[in-house]
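# Summary of the model geometry
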Amino acid sequence: MPPPRSLEAARLAGIEAARQASAVYRAVVQSPQGSAPAGWGVETPVFRQALPRLNVGELVNCSRYFGQRGQVVGELAAELAGEVGRRLRSQPDPPSPSEPGAASAAKAVAIEAAGAARSMHSHEVTAVAYSFSKLSPQLPEYALLYDAVAEGLARNAWQLNRLQSALIGTAFADVELRLADALPRVLRPVLSELAASQKARETVTVDELRLLVHASVQLPRQSLLASDVEALADCTERLLPKANFAAQAHLAVAWLRLEPPAAAKKAHLEALQASCQHLMKHKKSHFPAHPLPREGLAPAMAALLAREAEQNAPPLTPPAMRDIAKGLAQISWGLQRYQSSSSQGRSLSIDDWSEILRLVLSFCEAHSARATTSSSAPSGRVLPSWAAELLYHVLWRAQQQALPADDAPGNLVELESLLTLLRFVRQHESKPQPDAAFFSWAAKLVAAHQRRAGTPADLFAEVVSELVPMLPPAERGNVARLLLAGRASTVGVQANLAPLTRHCVLPHAEQASGSVSPRLLAGSASQLAEVKLAGPASQRPEAALEGSAVSHRVGAAPLIQAASGGRLWGMLAAHANSDSTSLQVGQQRPAASMNLCSKKEEAVAVAELAPTAAAAAAEAQAETQRLLQQALRRVEALEVRLKEQEVAQKKARASTPKKSPSNRRDEARAEMHEEVGPMQSTLEQGGAWLANLFPSPAERIQPSPAAATLHLHRGFNFEEYRRAQSGRLQAERLRVLVPPDHFPMWPRK
């Protein structure tokens, strides 16, 4: 037996350790609510030392706090997951009803003898598992917790109710772990009960239903029966009128992602269409009740259309596709209206919407009843009104996107997505027409991609060829200068220097790859370079450049403004010359670094790789030139049309008689109304569904201080005003002195 002094010291040490653990617990759950992740400032060794001293309730509270914050220090969450997993594995199994009475009583006594290390209840296990599934990013260390929960489910360690089963199933579905064994084990009893009992379907709640449908998305195909889908669809149609927008949006997304058996296709489509239709009944959109999938909704839409190839009844009809698209637009508007960090991910972003639009418009073209071309449509393809409004919604969402700064981290909209949207605008007749702000945003996006490395030259040229004809005339020159400045060095210089770097080390590789050509095209007028323009005559668009090599000494500003009075044809002629220029400059640049490689090795490398580099450069130059000529032919045609319109407008103004000032004021008010809301008025006149998604012009107009100023055309005469208002003032004074009621003012004698 240890001496009393050592026992007292151990007791005091235990008290001190418990006090420190309590302080660490308070520091974790009371961390500031700023941008820092949860647990910021708590050291990992201190937290690890305090974890065994925390009771079950404190562990559950830490897990809930981490799940509410979403962002957490990864080391702390990993330590917490490991501690909870160890406790779940070490706790004894509960007494089974099939065991004899003596054995059951002995096991209960053993559980009570555990003391402080009591077993976690079902609601505590559910809270911990669901909270950890909300953490982002998901670390591999969290698998210890999920495996412990799955093992407890396998040995029936807890008696779960319907909501707890749905929450744990949703957690496994979100983290995509134990989908083959633990997820069916927790969902199959609930789904079987709903399919077999009408009373169970009548008692299910909205939250239980949406979580069950969400978790059923990740069920294996053999575990999801047609009767399960029909039971969930029946509950959906009954509970949709009682749900709010967030729950309805979650149900719509879950039904879209669900892949039903062929026998339950009718119930699936009806539930999906009903969920999207109820979203249209709300005046304002909000966030869904559950985060959207990070991979986006375009894969779910593609899977929905791909299942039509199986030709199972009933088919997906255009009205059903219309309701689905409108429902997604409602959710998208809610994400745009309430932007926050919780809306991160690809779902219903511009990149995701471009893929969804491609699928929807292809479906519309395949099922269009108006196959004849329209003479009024520029491309001959007329979309249904709802599809055109959906396209406008995506374009409006795009122009609201804020582009990150050059040095700021952030993802830009992909150029493939922008190219898809621009082609849709050109190919389809859109009512209302896209705003000019969208094309300005597109030009800024192209410039942002140009400043970032890694943009393919062919993709960049295709985007510019689609964008330039749609830009206002004032902005076309900026895009052309951007094209010339950024792409001149990538065709020749990089094609030659990339193979050479395998044989020798260049001390200034970055300067050698892009210093000469950008200075020629994008530098200031004072920075001059001597360049020899040489190349085959067939590769130059201007006939005047045919012949032998000609030497020029030019700068950036004269090069852009010299040809054709600053028009884009002249710029691209200079760009074609600069391609061959950059080729020769790139061939001459390695000669400056001969001191790092032996002359013999350098000569062998240049002799072997010069034909390959020249062929690659010539091929890239020809492809780029073809795309640029195609774009500029469209630009020339557009400029001719603009000149004709300007001449017609001048003639119309000259023939129009002068109007009075009052008529001019009325016209100015009408023009201002058209500028404020051309799309809003068009949609309101047609009774379109998308008009409710956008704020009215009155909400967007901010009253100016000058609007409240009172302008008087003559002086104020107080005597005249007093005489005019004398009768009213006397009546008011009389009513104040003698109130109009039947009660006497003084008591009667």
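Quantities reported herein were computed from a predicted structural model and do not represent experimental measurements. (Residues numbered from 1 in each chain as written. Predicted model: local features only at pLDDT ≥ 70, side-chain atom pairs only at ≥ 80, totals over all residues. Heavy atoms only, no water.)

### So, unusual backbone geometry
- Following serine 136, the chain continues into proline 137 via a peptide bond in cis, with omega recorded as 0 degrees.
- With respect to the helices and strands, the residue proline 137 is situated in the loop between α6 (122-132) and α7 (143-154).
- With omega at -5 degrees, the peptide bond leading from alanine 313 into proline 314 counts as cis.
- Within the secondary structure, proline 314 is located in the loop between α15 (298-306) and α16 (318-337).
- In this structure, arginine 178 takes a positive phi of about 55 degrees despite not being glycine.
- Mapped onto the elements of the fold, arginine 178 is located in the loop between α8 (162-175) and α9 (182-196). (Helix = DSSP H or I, 4+ residues; strand = E, 2+ residues; numbered from the N terminus.)

### Brief notes about the packing of aromatic side chains
- All chains considered together, the criterion is met by 6 aromatic pairs.
- Between phenylalanine 132 and tyrosine 142, the ring centres sit 5.5 Å apart and the planes meet at 75 degrees, which makes this aromatic pair edge-to-face. In this pair, phenylalanine 132 is assigned in helix α6 and tyrosine 142 in the loop between α6 and α7, connecting sequence segments 10 residues apart.
- Both rings, one in phenylalanine 438 and one in phenylalanine 439, keep their centres 5.3 Å apart while their planes meet at 70 degrees; by these two values the pair is edge-to-face.
- Judged by relative accessible area, which is 0%, phenylalanine 438 ranks as buried.
- The buried category is assigned to phenylalanine 439, whose relative accessible area is 9%.
- Ring-pair connections join several aromatic residues into one group, and the members of that group are Phe438, Phe439 and Trp441. (Phe/Tyr/Trp six-rings, centres within 6.5 Å; stacked < 30°, edge-to-face > 60°. Buried < 20%, exposed > 50% of the residue type's maximum accessible area, 1.4 Å probe, protein only.)

### A closer look at the pattern of salt bridges
- For the coordinates displayed, the defined rule picks out 21 salt bridges.
- The residue arginine 162 makes a salt bridge to glutamate 208 at a minimum N-O spacing of 3.3 Å. Of the two residues, arginine 162 is situated in helix α8 and glutamate 208 in helix α11 (residues 206-216); the sequence distance between them amounts to 46 residues. Residue arginine 162 shares its accessibility class with glutamate 208, and that shared class is buried.
- Connected via shared salt-bridge partners are Glu83, Arg86 and Arg87. (Salt bridge = Lys/Arg side-chain N within 4 Å of Asp/Glu carboxyl O.)

### Section: the environment of valine 73
- The residue valine 73 is located in the loop between α3 (56-69) and α4 (74-90) in this model.
- A residue is classified by how much of its surface remains accessible, and valine 73, at 16% relative accessible area, is buried.
- In the structure, valine 73 is positioned 35 residues away from alanine 38 in sequence and 6.2 Å away in space, judged by C-alpha atoms.
- Those residues in contact with valine 73 that sit more than four places away from it in its chain are Pro37, Ala38, Gly39 and Trp40. (Contact = heavy atoms within 4.5 Å.)

These values are about where atoms sit, not about what they do.
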